[in-house]
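Chains, contacts and geometry: an overview
The residues making up each chain are set out below.
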Amino acid sequence: MNKKVRYLSLMLMTVLFFGVQANAYKFDFVTVGDVVKKIQEAFGKLESYQANFTIMTEKMGKKSQQNGQVKYKSSDKLLVNFYNPSGQKIIANSDIMWIYIPSMNVVAEQDLKNKSGIFSNTESGLKRLFSKYHYKFDSKDQPETLKDGSKYYTIQLKQKESRSGYRTMKLWVDADYMIVRASGETSTGKKVDISFSDIKKNIDLPNGLFKFEVPSRARVIKNPMISEE
């Protein structure tokens, strides 16, 4: 339970707050520092977004897939509805994150009050990410041209200190400095890749979408996540 919650929540905290957009057409900056700065600025201005997502995982040759829809509203509201596994969801605000797993009839309730602003806004989440990882371009020629002709900045990240979570990551960044894809590998060899589709930015999302009531018969587990500090 702890490992599953930790891997899922870390990747979602890393990626879902980044926002997403699939266009790539004009690139102005050539250094990785410039790109990182522009990413932080772009996501700091993001008011809301909605997107479908697919998460692919692999470990020791065993592969699995999850998909669903994510909704985010600045600066602290997150809703992740899973279609597969059906009914599973994550809801978060600046104080608490709930992870509901209906197949286990369990709700993980995590206190976020002292989590260094992970959910405070997208800009602070990105600053925290880049402060904990060394980063560089993935290849010499940037932006990198993919097989389908599209162009993205590709950035490698490596943990500065050995800790739980993702040992290495790779990000794909478009001309609007939006991260459109992310992949990561943990110290145990688990690989996770997240991609997005049907993206809508800065749309009206009622606050009521982000409310959560614990099912009456669900078992609640308080603070199951292992701190990465």
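Residues numbered from 1 in each chain as written. Predicted model: local features only at pLDDT ≥ 70, side-chain atom pairs only at ≥ 80, totals over all residues. Heavy atoms only, no water.

**Some remarks on the overall build of the protein**
Counting its secondary structure elements, the protein contains three helices and 13 strands. In the structure as shown, the protein presents an accessible area of about 11600 Å², 46% of it carried by carbon and sulfur atoms. (Helix = DSSP H or I, 4+ residues; strand = E, 2+ residues; numbered from the N terminus. Areas by Shrake-Rupley, 256 points an atom, 1.4 Å probe, with all protein chains shown as cover.)

**Notes on the packing of aromatic side chains**
Each aromatic ring pair is summarised here by two numbers: the centre-to-centre distance and the angle between the ring planes. Counted by the stated rule, this structure contains six aromatic pairs. Taken together, a centroid distance of 5.7 Å and an interplanar angle of 40 degrees make the contact between Tyr-49 and Tyr-72 tilted. Pair noted here: Tyr-49 is in strand β1 (residues 48-59) and Tyr-72 is in strand β2 (residues 62-73), with a separation of 23 residues, a long-range link. Judged by relative accessible area, which is 1%, Tyr-49 ranks as buried. Their ring planes at 15 degrees and their centres at 5.9 Å tell us that Phe-137 and Tyr-153 sit as a pair that is stacked. Placement of the pair is Phe-137 in strand β7 (residues 133-137) and Tyr-153 in strand β9 (residues 151-159), with a sequence separation of 16 residues. This pair shows no difference in class: Phe-137 is buried, exactly as Tyr-153 is. Through a chain of ring-to-ring contacts, the aromatic side chains of Trp-98, Tyr-100 and Phe-212 assemble into a single cluster. Its guanidinium or amino end placed over the ring of Trp-172, Arg-181 lies 4.0 Å from that ring's centre, counting from NZ or CZ. (Phe/Tyr/Trp six-rings, centres within 6.5 Å; stacked < 30°, edge-to-face > 60°. Buried < 20%, exposed > 50% of the residue type's maximum accessible area, 1.4 Å probe, protein only. Lys NZ or Arg CZ within 6 Å of the ring centre and 35° of its normal.)

**Side note on the confidence of the model for the protein**
When pLDDT is averaged across the protein, the result is 82; 80% of the residues are at 70 or more. Looking over the protein, one finds the lowest element-wise mean pLDDT in helix α1 (residues 2-15), namely 50, and the highest in β7, namely 95. Scored below 50 in pLDDT, residues 4-8 shows 15 contacts in the model against residues more than four places distant or in partner chains. Within the model, the stretch residues 16-25 combines pLDDT values under 50 with 50 contacts to residues more than four positions away or in other chains. (pLDDT = per-residue confidence, 0-100. Contact = heavy atoms within 4.5 Å.)

**Description of the pattern of salt bridges**
Counted by the stated rule, this structure contains six salt bridges. In this structure, the salt-bridge partner of Glu-109 is Lys-222, at a minimum N-O distance of 2.5 Å. Of this pair, Glu-109 sits in strand β6 (residues 106-111) while Lys-222 sits in strand β13 (residues 219-222), and the two are 113 residues apart along the sequence. Take Glu-109: its relative accessible area is 16%, and that puts it in the buried class. Put simply, Arg-181 and Asp-193 hold a salt bridge, and the shortest N to O gap is 2.8 Å. Pair noted here: Arg-181 is in strand β11 (residues 179-186) and Asp-193 is in strand β12 (residues 191-201), with a separation of 12 residues, a long-range link. The class for Arg-181 is partly exposed, based on a relative accessible area of 33%. (Salt bridge = Lys/Arg side-chain N within 4 Å of Asp/Glu carboxyl O.)

**Quick word on helix α2 (residues 32-44)**
Look at α2: 18 Å from first C-alpha to last across 13 residues, which is about the 18 Å you get at 1.5 Å a residue. Where α2 is concerned, the buried positions are Val-32, Val-35, Val-36, Ile-39, Gln-40, Ala-42 and Phe-43. Here the buried residues of α2 occupy an arc of 165 degrees about the axis, which is enough to place them on one side. (Expected span 1.5 Å × (residues − 1). Arc of directions from axis to C-beta.)

**Considering the environment of Leu-171**
For Leu-171, the position within the fold is in strand β10 (residues 166-173). Look at Leu-171 and you get buried, because its relative accessible area is 0%. Separated by 12 residues in sequence, Leu-171 and Ser-183 place their C-alpha atoms 6.7 Å apart.

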